[in-house]
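Residue-level structural notes
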Number of protein chains: 2
Amino acid sequence: MADIKKKATIYDLSILSGASASTVSAVLNGSWRKRRIKEATAQLIQNLANEHGYTANLQARGLRSSRSGLVGLLLPVHDNRYFSSMAQSFEAQVRSRGQCPLVVSACRDPDEERQVVETLISYSIDELFIAGATDPDGVHKVCEKAGLKHVNIDLPGTLAPSVISDNYEGARMLTQAIIERAQEDGPLSPDDLYLFGGRNDHASHERIRGFRDVKRALLGADPDVCIQPTGYSPAMTARAFEAFYEGHGKLPRTFFVNSSINLEGLMRFLALHPHETFADIIVGCYDYDPFGSFLPFPVFMIRQDSEAMITKGFAILDADRGPPITHQVRPTLVPPRTALTGPLDALKDIE
Amino acid sequence: MADIKKKATIYDLSILSGASASTVSAVLNGSWRKRRIKEATAQLIQNLANEHGYTANLQARGLRSSRSGLVGLLLPVHDNRYFSSMAQSFEAQVRSRGQCPLVVSACRDPDEERQVVETLISYSIDELFIAGATDPDGVHKVCEKAGLKHVNIDLPGTLAPSVISDNYEGARMLTQAIIERAQEDGPLSPDDLYLFGGRNDHASHERIRGFRDVKRALLGADPDVCIQPTGYSPAMTARAFEAFYEGHGKLPRTFFVNSSINLEGLMRFLALHPHETFADIIVGCYDYDPFGSFLPFPVFMIRQDSEAMITKGFAILDADRGPPITHQVRPTLVPPRTALTGPLDALKDIE
DNA sequence: AGTCATTGCACCATCGATTGTGCAAAAAAG
DNA sequence: CTTTTTTGCACAATCGATGGTGCAATGACT
C-alpha cells in the first residue's frame, strides 16, 4: 500500500507478479510484443506497475543500453533573450521526442566548453547541440572521440554540420533599414554610421561584411574607423561608446549593434548620460528583445529563428552523419516598437 | 595511443596497470587513502588514466551509489530575464560544488511540473530547486515519495522549506517610488494608480497587499477596481490594458506591473498605439530587465536577488531537513534608466 | 502417435562503477 | 625466531535494467 520508502524495481514487480524480471522489463519498456509475452501477463504487470508507481531507473537503463535519453544543449549564457528562447524551443522539441533536455552554459570559454562537454559525455548523453561555441572544432573533437552525435548552432564549425543564422543577409537587411530610416531625417554621411560589437567569430565577420557591403552601396564609402568590434561584453561595449562620446561629444547618428549583449553595453552608457542628448539616434541590433524594441529611439532588430535552427539541427542528427555542411536559416527584420509573441505564449494560464 | 573508439573503463586500466578494478576505482574516485593504496600504485594508475583520457561513467557510478551528481532546477520558463538569470546563478553554484546542473521548465502547468520532476527522479538527481511552481506542494509529495531533498524558490510551499523574495516589502518600495515620482508631476488621485498582472499565488497576494497598503497610506483610498490581476501572460495583460484604454481613452497615469512577463503585455499594447499618447505614464515593474529600465517613460523596477535565493537554498539543503519555514530575501528597488551588471559580466572576453 | 513449429517465458551475462570483507606479505613486537 | 599488527590489495556482491539464448508446453500437421 504505502510504498513510502524506496522506488519499486523490476525485481519487486517480478516477485509480485510471479513473472521473471526480464519479462517485467520487456513489458515495461514496450518490447513485450517482440518478446512474445502474453497480453494477459503484460496487463497484469502493467497494473502492478501503476499501482506501485513504478518508474524505470534511467541510470540503470542508460548503463545497460549506453544511451541515456538525455540531449544536451551547450550555450554561452542563459541570461539573454536569444539564448533563453533557444533553450525554450530546444526543451519543447526534446520533450516531444520523449527525451530529456540538458541545457548548460560555458561562458564562451573554450576550456570550459570542452570540459562541460566531457561531463555531459560522462552522463552518456545521446546527442549534443553546440550553440554559440567559441571553439566548435575543439568541442567536435571531444564529441568525436566519444562517438557523440552533434551539430553546431549559431556559430559554425568546420568539422561538423552546422545550422546558423544567415548573418550576411540579416546584416544587410538591418543595415539597409537603419540607413533608410536615418535618411528620413536628412542626408547620412558615412561617418554617421557605425558598427559596435562582435569579435573574431564567423557570425561577426558575416555581419560586418553585410554591413559594409550595404553601407558602401548606399552611402558610397565605408571607412574602417566605423567598425568597432568590442567583443561580446556589455562592459567593453559601453567603453567603446564612451570613447566615441569623449571624442565627438555625441554618439554616431546611426549604428549597428552586433547583439543584444552589446546592446546592454549601450544601456550602460545611456545610464551615465542624460537621455535628451541622444534623442535622435537610430539603432540596429542583431538580436531581438521585446523591451529593446521599445527604447526611446528607433531600434530595428533582427529576430533569429532559433526554433527553426533547432528543428533543422534535429533533422541533421536524424539523417545521421551528414557532411559538415553549414545550413543557413533566414532571420527576420523587426521594425521598432514591435512586440513579437514567443515561447511564453504557449504557457497555460488559467484564471 | 589512439583510443579513438570506446571510452576507457576501470577494467581497461586494471589490465594496463596490473591492479584490480577495485583498486583502480578507489584511486580514481579519491578514496584510495582510505583504502590504504600505496602512493606509487595510485600515481601509476593516475598517469595511465590521464594518458588514456579516462573519465568515469557517471551512470554506472550513479547506479551503484544511487546518487547522480545532478542537481535540478525546475523553472516555469527559461525565456525571461528573471528566470534565466536564476538559471545562470544556479549553474555557477552547482558547478562550484562539483555537481552538474539540470535546468528544466514546466510552463506553469501543475501536471507537467509533477511529470517533469518524476523524470528527474528517474535520473536519480540528488537535489531539486523548485522555482516558481504553480503547485509546490504537489511537487513536494512526488519528491517526498522518492526521498529527494528539495526547496521551493520564489513561490513558497507549505510542506518544504522555501526561499522567496520579500514580496510585500518589495511591493511597498516599488509602490512608494512610483507614487512619489508621479506626485512630482502633480497631485495623484487613487484612480490614477493601478496594478496589473499576477494571479492567485502567494507572490501576487503579497505584492498586491503591499501595493494596497502603501497606496491607502499615501493616497488615502484604494478602490478595488484598480487591481487587475491578469494572470502571467503577455496576451492577457495586453488585453487588460486595452480594456482600460477603451474605457478611458488613456492608460492610468501610474501603474504597478506584477512581473516582467506582464510588462511584455504592456509592450504589446504599446505596439498598437502611438507612443505620444502615453508619454507621461509612470510604471513600476516587479522584476528587473535591463532594457525594460530604459523605456521611454520612467520604469521603476524591483530586482530580485536570485543569486542570494539559490545560495540560501543550498544552505537549507545542506542543513538537511529543516522545518518547512519560509525565508525571505530582500529585493532592491532599481530606479529608471539603470543598467545593472549581472551574470554576463563573469564572461571571459578576450580581445 | 510422432514430428515440427509456435508460443510464452525464465535464465544469465552484462553495462561500469562502489564497497564490505578477507587474506597474503611485510613490519613491528616480544 | 615466533606472534601480532599493519599494510596493500584482490575478490565478489551489488545497483536496476536489457537482450541473447534455450527450453517446456501447446497446437498443427502428416
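Predicted model only: the values in this text are computed from it and were never measured.

**Here's the deal with the interface of chain B and chain A**
Taken together, the 85 residues of chain B in the interface contact 85 residues of chain A. Together chain B and chain A conceal approximately 7,400 Å² of surface at their shared face, both sides included; 55% is due to carbon and sulfur atoms. When residues of chain B are sorted by the area they lose upon contact with chain A, Gln59, Asp79 and Phe291 of chain B head the list and together hold 11% of the total. At the junction of chain B with chain A, the criterion picks out 6 salt bridges. The residue Arg81 of chain A makes a salt bridge to Asp79 of chain B at a minimum N-O spacing of 3.4 Å.

**Details of the pairing of strand β6 (residues 193-196) of chain A**
Residue and element names in this part refer to chain A. Residues Leu193 and Leu195 line one face of β6 and the alternating positions Tyr194 and Phe196 line the opposite face, and both faces are buried. Of the pairings in the sheet, the one linking β6 to strand β8 (residues 254-257) comprises 4 bridges and is parallel in character. The residue bridging Phe196 from the neighbouring strand is Val257, located in β8. Note: β6 against strand β7 (residues 227-228), 2 bridges, orientation parallel. Bridge pairing in β7 places Leu195 opposite Ile227.

**Here's the deal with the sheet that holds strand β3 (residues 127-131) of chain B**
Paired through backbone hydrogen bonds, the strands of a sheet run either parallel or antiparallel to each other. Residue and element names in this part refer to chain B. Strand order in the open sheet made by the 6 strands is β2-β1-β3-β4-β5-β11, with parallel pairing throughout. Both edges of this open sheet fall to β2 (100-105) and β11 (326-329), since each of them pairs with a single strand only. Direction aside, the axes of adjacent strands within the sheet are offset by 20° on average. The pairing of strand β1 (residues 70-75) with β3 spans 4 bridges and is classified as parallel. Along β3, the bridge assignment pairs Gly72 with Leu128.

**Here we look at the sheet that holds strand β1 (residues 70-75) of chain A**
Residues and elements named next belong to chain A. Strands sit in the order β2-β1-β3-β4-β5-β11 across an open sheet of 6 strands; the sheet is parallel. Two strands in the sheet have a free side with no partner beyond their single neighbour: β2 (100-105) and β11 (326-329). Taking each pair of neighbouring strands and ignoring which way they run, the sheet shows an average axis angle of 20°. Here 5 bridges tie strand β3 (residues 127-131) to strand β4 (residues 149-153), and the two strands are oriented parallel to one another.

Rules behind the numbers
- Residue numbers here run from 1 along each chain, matching the order of that chain's written sequence.
- Lettering for chains starts from A, numbering for ligands starts from 1, and both go in the order in which the items are written.
- Residue-level local features of this predicted model are given only where pLDDT is at least 70; pairs of side-chain atoms are given and counted only at 80 or more, and the full residue set underlies all totals for whole chains, interfaces and linings.
- Values reported for side chains reflect all heavy atoms of the structure, with hydrogen atoms and water molecules removed beforehand.
- Residues are treated as being in contact if the distance between any of their heavy atoms lies within 4.5 Å.
- Summed over both partners, the accessible area (1.4 Å probe) lost when two parts come together is defined as the buried area.
- Salt bridges are defined by distance alone: a side-chain nitrogen of Lys or Arg within 4 Å of a carboxyl oxygen of Asp or Glu.
- Residue exposure (1.4 Å probe, protein chains only): buried if accessible area is under 20% of the type maximum, exposed if over 50%, otherwise partly exposed.
- Put simply, DSSP marks the helices as runs of H or I at least four residues long and the strands as runs of E at least two long, and each gets a number from the N terminus on.
- In short, DSSP must find at least two bridges between two strands for them to pair.
- The axes used here are C-alpha line fits, helices contributing only the stretch in contact, and every angle between their N-to-C directions lies in the interval 0 to 180 degrees.

From the geometry alone we can't say anything about function, so treat these as descriptive.
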